[in-house]
Amino acid sequence: MNTQGMIGVGYRRKMTNALLDGSDIHPEFVELAPENWIDVGGTWKQRLNRVADKYPILCHGLSLSIGSPDPLDMDFIKKLKAFLDEYQVPLYSEHLSYSKCDNAHLYDLLPIPFRQDAVDHIVERIKIVQDVLERPLVLENVSYYTPVAAEMTEIEFINAIVKESGCQLLLDVNNVYVNSFNHSYDAHEFIDSLPLESVGYMHMAGHRKIRPDLIIDTHGSEIIDPVYDLFDYTVARTNPVPVLLERDFNIPEMAELDRELSRLKAISKSHWHKETVDHGTA
Amino acid sequence: MALRESTAKAQSSFADYCRTGETSGIEGAREDRISQYRRLVFSVVQNALNTAYPIVQKKYMSKEDWESLQHRFFSNHPCSDPQIWRMPSELIEYVEQQESELCSKYPALLDLLRFEWQETYLFMMPDLELPHHSNHCPSLSDKVVLEQEMQLLPLKYPVHNTHPSKLKEAQAGQYISMAWRDREKRHVHFMGISVFFALVLENLNTSDITLLEAGKKVALQFGITTDHWKEELDKFVAKLHQKHLIFKA
Ligand SMILES: [Fe+2]
C-alpha cells in the first residue's frame, strides 16, 4: 500500500462515528497506537475493523521503549507483529525515547541520554525489533524538556542512530519547533542537519507554552503558523512521505480538524506534486 | 549490553524520579524542568486509574485517600503491563498485598475495585467464541454449553447491589456477582446470584456433566437433603437461557 504524500489523522475513539460517516473529516489514512488495541474485543474491535475497512492504518507505538536499559519485551513484540500483520499495517513507528525502566512501565516518553553507548545499545535493539517484526522500524525525534547525562547534542544523537542502524526517521516537525524553543537552537538549521533522505513519515501537532521559557508538546491545540512554516520548509527538502495530524486532547469539531488536514495537504502538494511532475518530465 | 553503567544509572534515577517525585540528583538534568516529567507521567497514570475506578474514586474513598493511594501504588509497584488500558488491574493486587491499613479503613475497597475492573475487562477483553450448541433451553438431565464471555466474581461485601455511600453499613457475607458481555450490542450486564448456583456453574464449566449431576454435587457439598433445589435450578437455568447464557449442548 502506498501512503506516500497522504495526509492522515491520529485515531481517537471519539472520532469513530465521524470517520465512518466520512462527511466532516477526510483523512487519507489513520494512525493508531497498537497498545490501545491489542487484545481488545467486543464493540471496539468491531468499530476498529470498520475503520480499517475504510482507511489504511499506520501504527505508532508507545511501549516498545527502544532506549530502555531493560531488555526488550519479546512477548510484547510478538503480539505487536501479529497485530501489524492482522491489519496489514504498512508502516510502524515508535519514539526515540524510553518508557520502561527497572521493569516498570511509565507510559510516557522519557529522554534518552545523548551518548555514544546509548546509540550503540539502541542500534543493536533496532535490528532485533526489525527482525522480529519483519518490517522496518521508523523512529521519531521526541520533545524533551531537559537533557539527561548528555555527552553529545540531540542532532548528533539522531544522526548517529539513523546512520548506524539504517532505520528511517519519523520527523515530528512540531517537536523540532518545541525543542528549538526549549533548548534555544535554530529550528531551520536543525532540519538542515537531519538525515532528510531517511525521513519516512512526518508528524504535525499543536503545543502549549506554559512558561515564558517552556513549551509542552500537548497535542491539545491547533497547529500554529510558525510550525506550518517550518513544515513548508521541511517538505521542500524531503521526499513524499505520509504526514499525520496528531490531536490527542481537546478534540475540536471534526470540521476544524479537517481544515488542518486540508492546510497540510495544500502545503505538501505544493512541493511534492511539483516534484512528481518534474520527475515525470525528466 | 553496550550500555555503560553510568548511562543506565542516569536513566534509572530519572525514571525513579518520575515514579516517586523524589530525587537525590539526576546527572545532567535541568532541575527547573524535571518536575514537568513527574507531572506528565503521573497524570497519565492517574487518568487511567480514575477512568477504570470511577466509583471508588468519586463515591467511595475520600479524595485525599484515593490520591495518596495512587501515589503509593505508582511509586512502590512496578507496572508490568505494556498496555496502559490493562494497567489499572495491577492496583488490585497491589492493594491486596500492601495496603492492609487502607483496607481496614475501607473494608469494601478490594471488592469494589474487582467489581469495577470486571466491567472494564469484560467490555474490552478479546472475543471468545461460543462453542457449538443448540438453541434449546436445557432441562436438568442435559449437558450444557455456557456463554464464555461470562465471569463470576465472589464478593465479601454486596458492592454489586449497594450504593457506595451505604457500603459502610453493609454486612460482610458471601456474595456472587455474575457479569457477561452480550453478543448483540456487546454491552456488559450484571446479576447477583447465589453461591449454590455459582458452584453449579463452576462445576459445569470444569467437568463434562449434566445440570442434575452438577446440582447433586453442590447439594451434597452444602449438606442439602431435600429436592427443593431442583425446581430452583430449573428456574435459574430458564432465566439464564432467556439471557442467552446457557444452551443445551
Ligand atoms: Fe509525534
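Residues numbered from 1 in each chain as written. Chains lettered and ligands numbered in written order. Predicted model: local features only at pLDDT ≥ 70, side-chain atom pairs only at ≥ 80, totals over all residues. Heavy atoms only, no water.

Colleague: Looking at this structure, how should I read the overall build of chain B?
Modeller: Each helix and strand counted, chain B has 10 helices and 5 strands in total. Computed over the C-alpha atoms, the radius of gyration of chain B is 23 Å, more than 25% above the 18 Å expected from 2.2 N^0.38 for a compact globule of 249 residues. Considered along the principal axes of its C-alpha atoms, chain B spans approximately 75 × 45 × 30 Å. The buried share among the 249 residues of chain B stands at 49%. Across chain B, the fraction of contacts at a sequence separation of at least 24, relative to all contacts at a separation of at least 6, is 59%. Surface accessibility of chain B: about 12,700 Å² in total, with carbon and sulfur atoms responsible for 49%. When the 29 basic and 33 acidic side-chain charges of chain B are each reduced to a single mean position, those positions are 3 Å apart. (Helix = DSSP H or I, 4+ residues; strand = E, 2+ residues; numbered from the N terminus. Rg over C-alpha atoms; globule rule 2.2 N^0.38 Å. Buried < 20%, exposed > 50% of the residue type's maximum accessible area, 1.4 Å probe, protein only. Contact = heavy atoms within 4.5 Å. Areas by Shrake-Rupley, 256 points an atom, 1.4 Å probe, with all protein chains shown as cover. Lys, Arg positive; Asp, Glu negative; His and termini not counted. Charge placed at Lys NZ, Arg CZ, Asp CG, Glu CD.)

Colleague: How should the sheet that holds strand S3 (residues 175-181) of chain B be read in this particular structure?
Modeller: Residues and elements named next belong to chain B. If you walk across this open sheet you meet the 3 strands as S2-S3-S4, and the pairing is antiparallel. Two strands lie at the open edges of the sheet, namely strand S2 (150-155) and strand S4 (188-193), each paired on one side alone. Across the sheet, the mean angle from the axis of one strand to that of its neighbour is 25 degrees, orientation sign disregarded. When S2 meets S3, the two strands line up antiparallel, connected through 6 bridges. Note on S3: the bridge partner recorded for Met150 is Trp180. In this fold helix H8 (residues 195-206) packs onto S2, S3 and S4, with an angle of close to 120 degrees to the strand it touches most, S4. (Pairing = 2+ DSSP bridges. Axes fitted to C-alpha atoms, helices over the stretch in contact; angles between N-to-C directions.)

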